[in-house]
Amino acid sequence: ADAVRAEAAALGIDVDIVPVVCELTDMNSVVACSDMVMATRRPLDVLMCNAGIMALPDLEQIDVNGTLLEKQFVVNHLGHYLLTRRLLAQIEKADAGRIVVVASSGHRMAPKGGIEFDNLSGEQSYQGFRNYGQSKLANILFSNELSRLYMDTRLTSNAIHPGVVGTNLGRYIRGDK
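Just so you know, these numbers come straight off a predicted model, no measurement behind them.

Calculation criteria
- Residues numbered from 1 in each chain as written.
- Predicted model: local features only at pLDDT ≥ 70, side-chain atom pairs only at ≥ 80, totals over all residues.
- Heavy atoms only, no water.
- Helix = DSSP H or I, 4+ residues; strand = E, 2+ residues; numbered from the N terminus.
- Expected span 1.5 Å × (residues − 1).
- Buried < 20%, exposed > 50% of the residue type's maximum accessible area, 1.4 Å probe, protein only.
- Arc of directions from axis to C-beta.
- Polar contact = N/O pair within 3.5 Å; in protein donor to acceptor, adjacent residues only side chain to side chain.
- Salt bridge = Lys/Arg side-chain N within 4 Å of Asp/Glu carboxyl O.

Trainee: Kindly report on helix α2 (residues 27–39), identifying the contributing residues and their values.
Mentor: Between its first and last C-alpha atoms α2 spans 18 Å; for 13 residues at 1.5 Å apiece the expected length is 18 Å, and the two agree. Those residues of α2 lying buried are Met 27, Ser 29, Val 30, Cys 33, Ser 34 and Val 37. Considered in projection along α2, the buried side chains sweep an arc of 155 degrees and stay on one side of the axis. Among the exposed residues of α2, those pointing more than 90 degrees away from its buried face are Asn 28 and Ala 39. The residue sitting at the N-terminus of α2 and contributing the capping side-chain oxygen is Asp 26; that oxygen lies 2.9 Å from the backbone nitrogen of Asn 28.

What follows is the structure in C-alpha coordinates.
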(Lines give C-alpha, C1' and ligand atoms only; values in the text may rest on other atoms or scores of the structure.)
Protein backbone atom coordinates (compact mmCIF):
# COMPACT_ATOMS: atom_id res chain seq x y z
CA ALA A 1 0.00 0.00 0.00
CA ASP A 2 2.80 2.45 0.83
CA ALA A 3 4.58 1.70 -2.46
CA VAL A 4 1.35 2.39 -4.34
CA ARG A 5 0.92 5.69 -2.48
CA ALA A 6 4.53 6.67 -3.20
CA GLU A 7 4.14 5.94 -6.89
CA ALA A 8 0.85 7.85 -7.03
CA ALA A 9 2.45 10.87 -5.36
CA ALA A 10 5.38 10.78 -7.78
CA LEU A 11 3.02 10.83 -10.77
CA GLY A 12 1.81 14.27 -9.81
CA ILE A 13 5.28 15.82 -9.98
CA ASP A 14 6.80 16.83 -13.30
CA VAL A 15 10.40 15.73 -12.64
CA ASP A 16 12.27 12.44 -12.71
CA ILE A 17 11.41 10.80 -9.38
CA VAL A 18 12.23 7.34 -8.09
CA PRO A 19 9.71 6.54 -5.33
CA VAL A 20 11.05 4.34 -2.55
CA VAL A 21 9.46 3.04 0.64
CA CYS A 22 11.17 3.06 4.02
CA GLU A 23 9.69 1.57 7.19
CA LEU A 24 11.62 3.31 9.96
CA THR A 25 10.79 0.66 12.58
CA ASP A 26 12.61 -1.94 10.47
CA MET A 27 16.34 -1.36 10.03
CA ASN A 28 16.39 -3.89 7.18
CA SER A 29 13.83 -1.72 5.38
CA VAL A 30 15.99 1.36 6.01
CA VAL A 31 18.99 -0.45 4.55
CA ALA A 32 16.96 -1.66 1.54
CA CYS A 33 15.66 1.87 0.95
CA SER A 34 19.13 3.37 1.13
CA ASP A 35 20.43 0.64 -1.18
CA MET A 36 17.78 1.59 -3.75
CA VAL A 37 18.71 5.26 -3.50
CA MET A 38 22.44 4.48 -3.71
CA ALA A 39 21.81 2.32 -6.80
CA THR A 40 20.60 5.42 -8.66
CA ARG A 41 24.12 6.85 -8.29
CA ARG A 42 22.55 10.31 -8.28
CA PRO A 43 23.76 13.05 -5.98
CA LEU A 44 21.18 13.86 -3.33
CA ASP A 45 20.48 17.57 -3.09
CA VAL A 46 18.21 17.25 -0.06
CA LEU A 47 17.50 14.56 2.48
CA MET A 48 14.46 15.54 4.54
CA CYS A 49 14.08 13.46 7.69
CA ASN A 50 10.44 14.17 8.43
CA ALA A 51 8.60 11.02 9.50
CA GLY A 52 7.59 10.78 13.11
CA ILE A 53 5.22 9.64 15.81
CA MET A 54 4.33 11.53 18.97
CA ALA A 55 3.19 10.78 22.50
CA LEU A 56 2.34 7.12 22.24
CA PRO A 57 -0.02 6.52 25.17
CA ASP A 58 1.62 3.24 26.16
CA LEU A 59 5.15 1.95 25.92
CA GLU A 60 5.77 0.24 22.59
CA GLN A 61 9.10 -1.35 21.82
CA ILE A 62 10.84 -2.36 18.63
CA ASP A 63 13.38 -5.16 18.40
CA VAL A 64 16.43 -3.66 16.73
CA ASN A 65 18.96 -6.41 16.13
CA GLY A 66 18.05 -8.18 19.36
CA THR A 67 17.73 -5.04 21.52
CA LEU A 68 14.34 -3.69 22.56
CA LEU A 69 14.15 0.08 22.03
CA GLU A 70 11.28 2.51 22.65
CA LYS A 71 9.32 3.00 19.41
CA GLN A 72 9.38 6.82 19.26
CA PHE A 73 13.18 6.78 19.56
CA VAL A 74 13.42 4.21 16.77
CA VAL A 75 11.03 5.96 14.36
CA ASN A 76 11.89 9.57 15.10
CA HIS A 77 15.65 9.21 15.43
CA LEU A 78 17.32 5.86 14.88
CA GLY A 79 15.76 5.09 11.48
CA HIS A 80 16.61 8.59 10.20
CA TYR A 81 20.11 8.32 11.65
CA LEU A 82 20.79 5.08 9.80
CA LEU A 83 19.30 6.36 6.54
CA THR A 84 21.32 9.57 6.73
CA ARG A 85 24.59 7.82 7.56
CA ARG A 86 24.14 5.42 4.65
CA LEU A 87 23.33 8.22 2.18
CA LEU A 88 26.00 10.71 3.25
CA ALA A 89 28.27 9.96 0.28
CA GLN A 90 25.50 10.87 -2.16
CA ILE A 91 24.66 14.01 -0.25
CA GLU A 92 28.34 14.97 -0.30
CA LYS A 93 28.32 14.64 -4.12
CA ALA A 94 25.63 17.30 -4.50
CA ASP A 95 26.69 20.86 -5.31
CA ALA A 96 25.17 21.97 -2.01
CA GLY A 97 23.82 18.92 -0.19
CA ARG A 98 21.28 19.61 2.50
CA ILE A 99 20.14 17.47 5.41
CA VAL A 100 16.98 18.75 7.05
CA VAL A 101 15.95 17.05 10.26
CA VAL A 102 12.42 17.88 11.36
CA ALA A 103 12.81 18.12 15.10
CA SER A 104 10.43 19.89 17.45
CA SER A 105 10.31 22.37 20.28
CA GLY A 106 9.14 19.22 22.03
CA HIS A 107 12.82 18.52 22.70
CA ARG A 108 12.23 20.63 25.83
CA MET A 109 10.16 17.74 27.23
CA ALA A 110 13.19 15.43 27.16
CA PRO A 111 14.51 14.19 30.51
CA LYS A 112 16.28 16.97 32.45
CA GLY A 113 19.63 15.16 32.21
CA GLY A 114 19.34 14.69 28.44
CA ILE A 115 19.12 11.41 26.62
CA GLU A 116 18.75 8.45 28.97
CA PHE A 117 21.14 6.07 27.26
CA ASP A 118 20.57 3.52 30.02
CA ASN A 119 16.82 3.56 29.33
CA LEU A 120 16.45 3.62 25.54
CA SER A 121 14.02 0.72 25.95
CA GLY A 122 11.69 3.00 27.92
CA GLU A 123 11.13 0.27 30.52
CA GLN A 124 12.36 2.23 33.54
CA SER A 125 9.94 5.14 33.31
CA TYR A 126 7.97 5.61 30.11
CA GLN A 127 6.08 8.87 29.56
CA GLY A 128 4.80 9.53 26.04
CA PHE A 129 5.72 13.20 25.77
CA ARG A 130 9.01 12.85 27.65
CA ASN A 131 10.12 10.03 25.39
CA TYR A 132 8.99 12.01 22.34
CA GLY A 133 11.11 14.91 23.61
CA GLN A 134 14.07 12.60 24.02
CA SER A 135 13.79 11.44 20.41
CA LYS A 136 13.61 15.04 19.20
CA LEU A 137 16.60 16.02 21.33
CA ALA A 138 18.50 13.17 19.64
CA ASN A 139 17.48 14.64 16.24
CA ILE A 140 18.88 18.05 17.17
CA LEU A 141 22.12 16.67 18.59
CA PHE A 142 22.63 14.55 15.46
CA SER A 143 22.03 17.51 13.13
CA ASN A 144 24.35 19.70 15.21
CA GLU A 145 27.10 17.09 15.00
CA LEU A 146 26.68 16.81 11.22
CA SER A 147 26.94 20.60 11.00
CA ARG A 148 30.15 20.49 13.00
CA LEU A 149 31.65 17.65 10.97
CA TYR A 150 30.84 19.30 7.64
CA MET A 151 31.51 22.90 8.72
CA ASP A 152 34.12 23.54 6.01
CA THR A 153 32.24 21.85 3.18
CA ARG A 154 29.24 22.55 0.95
CA LEU A 155 27.07 20.12 2.93
CA THR A 156 24.78 21.58 5.57
CA SER A 157 22.54 20.06 8.19
CA ASN A 158 19.75 21.86 9.98
CA ALA A 159 17.22 20.79 12.57
CA ILE A 160 13.94 22.66 12.30
CA HIS A 161 10.79 23.05 14.33
CA PRO A 162 7.91 23.11 11.82
CA GLY A 163 5.41 24.66 14.20
CA VAL A 164 1.95 23.23 14.64
CA VAL A 165 1.03 21.44 11.44
CA GLY A 166 -2.19 19.87 10.22
CA THR A 167 -1.08 16.24 10.07
CA ASN A 168 -2.02 13.07 11.90
CA LEU A 169 1.00 13.47 14.21
CA GLY A 170 -1.32 14.21 17.12
CA ARG A 171 -3.54 11.19 16.55
CA TYR A 172 -2.63 9.62 19.89
CA ILE A 173 -3.43 12.83 21.75
CA ARG A 174 -6.85 12.95 20.08
CA GLY A 175 -7.44 9.26 20.73
CA ASP A 176 -7.19 8.19 17.07
CA LYS A 177 -5.19 5.05 16.28
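Trainee: Lay out the pattern of salt bridges with the relevant residues and their values.
Mentor: Two side chains carrying opposite charge are able to pair once their charged atoms lie near each other. Summed over all chains, the structure comprises 6 salt bridges. Where Asp 16 meets Arg 42, a salt bridge forms, and the shortest distance between an N and an O atom there is 2.5 Å. Note that Asp 16 is positioned in the loop between α1 (2–11) and α2 and Arg 42 in the loop between α2 and β1 (46–49), a separation of 26 residues in sequence. The salt bridge partner of Glu 145 is Arg 148, with a shortest N-O separation of 2.6 Å. Of this pair, Glu 145 and Arg 148 both sit in helix α4 (residues 128–149), separated by 3 residues, roughly a single helical turn. Glu 145 sits in the partly exposed class, given a relative accessible area of 34%. Judged by relative accessible area, which is 48%, Arg 148 ranks as partly exposed.

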